[in-house]
Each structure stands twice: as C-alpha cells, then as structure tokens.
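Chain by chain, the residues run as shown.
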Amino acid sequence: QVQLVESGGGLVQAGGSLRLSCAASGRTVSRYHMGWFRQAPGKERVFVAAISWSGGRTYNGDSVSGRFTISRDNAKNTVYLQMNSLKPEDTAVYYCAASNRVAGDTPRAYDYWGQGTQVTVSS
C-alpha cells in the first residue's frame, strides 16, 4: 500500500502562486510514477501533470503548460506542483496519485490516490 497526503492548497488571487506538496509513505514510493489531477464541482477528474519515478520525464496538461511545474524529491518521498499565474478556472480539488506502471494522463493509470486539497483562485 501507498499512502498519499496532499497539502498546500488555499485561497489565492488570480495571477498568484501556490505550491502543492504530496507526501508519500508505504512501499518504495521512489519507484512510483506520480501524477496530479484536479476536479472541479460537477466535472470529471482532469490530468494536470505527471512525473516519472526518476524525475527524468515530466508531462503537463495543455491547460497548465507553461504555468505549472511538477517535481519530486525521492529522498523526502514528496512530489510538488508549483502553480504560477493562477486563473479562476484553476479552481478545483487537486489530487495526487501514484502508479507502478506509467506516468499517464488518465486516472485509470493510477493505483493510489490522496484525499485532495482545495485550491480556490479568486478573480
């Protein structure tokens, strides 16, 4: 089992920044590919970013490319999502996920999920 706990969400004005953290525990999490997804009320869960287990490859969703950056520190078992130039449409619950197969862009690629952290961007 892998346990994931997100933190760092909150309320921010448009144009501001936040950094989300995902602390992982359990199995050798450094061997897991990690991803961030988000879900707004009444909408499907959407891919935000993913990173390979080594950190050597990263992928961004089209809506956040150039504004969000995913990174990881395997020594700390933590994955980060740096979010800059935030927009009101970025408002959602952000979820961290782990996969032992692929750093994919769909929820079904992931085996473990955190509880989520709320990000609200005001205009």
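Here the structure is shown first, and the text comes after it.
Residues numbered from 1 in each chain as written. Predicted model: local features only at pLDDT ≥ 70, side-chain atom pairs only at ≥ 80, totals over all residues. Heavy atoms only, no water.

## Focus: the pattern of salt bridges
Following the criterion strictly, the structure yields 3 salt bridges and no others. The salt bridge involving R67 is made with D90; its shortest N-O contact spans 2.8 Å. One end of the pair, R67, is in the loop between β6 (58-60) and β7 (68-73); the other, D90, is in the loop between β8 (78-83) and β9 (92-99), with 23 residues separating them in the sequence. In terms of burial, R67 and D90 fall into one category: buried. The residue R101 makes a salt bridge to D111 at a minimum N-O spacing of 2.9 Å. Taken together, the residues R101 in the loop between β9 and β10 (112-113) and D111 in the loop between β9 and β10 connect sequence positions 10 residues apart. Overall, the relative accessible area of 33% leaves D111 in the partly exposed class. (Salt bridge = Lys/Arg side-chain N within 4 Å of Asp/Glu carboxyl O. Helix = DSSP H or I, 4+ residues; strand = E, 2+ residues; numbered from the N terminus. Buried < 20%, exposed > 50% of the residue type's maximum accessible area, 1.4 Å probe, protein only.)

## Topic: the nonpolar core
Here is a general trend for soluble globular proteins: nonpolar side chains tend to be buried in one another's company. One finds L4, M34, W36, L81, M83 and Y94 to be the most contacted residues of the largest nonpolar core, which totals 28 residues. Mapped by element, the contributors of at least two residues to this core are β1 (2-7), β3 (18-26), β4 (33-39), β5 (46-51), β7, β8, β9 and β11 (117-122). Among the nonpolar cores identified, the runner-up in size contains 7 residues, and F47, A50, A103 and Y110 belong to it. (Core = buried A, V, L, I, M, F, W, Y, C linked by side-chain atoms within 4.5 Å.)

## Let's talk about the environment of Q82
For Q82, the location among the structural elements is in strand β8. Judged by relative accessible area, which is 27%, Q82 ranks as partly exposed. Taking C-alpha positions, Q82 is 6.2 Å from L18, a pair spaced 64 residues apart along the chain. Apart from the residues lying within four places of it in its own chain, the contact partners of Q82 are S17, L18, R19, R67, F68 and T69. For Q82, the side chain forms a polar contact with the side chain of N84, separated by 2.9 Å. (Contact = heavy atoms within 4.5 Å. Polar contact = N/O pair within 3.5 Å; in protein donor to acceptor, adjacent residues only side chain to side chain.)

## Looking at the packing of aromatic side chains
The full count for this structure, using the stated rule, is 5 aromatic pairs. Considering the side-chain rings of Y32 and Y112, the 6.1 Å spacing of their centres and the 70° angle between planes classify their relative orientation as edge-to-face. In this pair, Y32 sits in the loop between β3 and β4 while Y112 sits in strand β10, placing the two residues 80 residues apart along the sequence. Relative accessible area serves as the criterion here: at 6%, Y32 is assigned to the buried category. Linked through ring pairs, F37, F47, Y110 and W113 together constitute an aromatic cluster. Lying across the ring of Y95, R45 places its NZ or CZ 3.7 Å from the centre. When the ring centre of W113 is taken as origin, the NZ or CZ atom of R45, which lies over that ring, is 4.9 Å away. (Phe/Tyr/Trp six-rings, centres within 6.5 Å; stacked < 30°, edge-to-face > 60°. Lys NZ or Arg CZ within 6 Å of the ring centre and 35° of its normal.)

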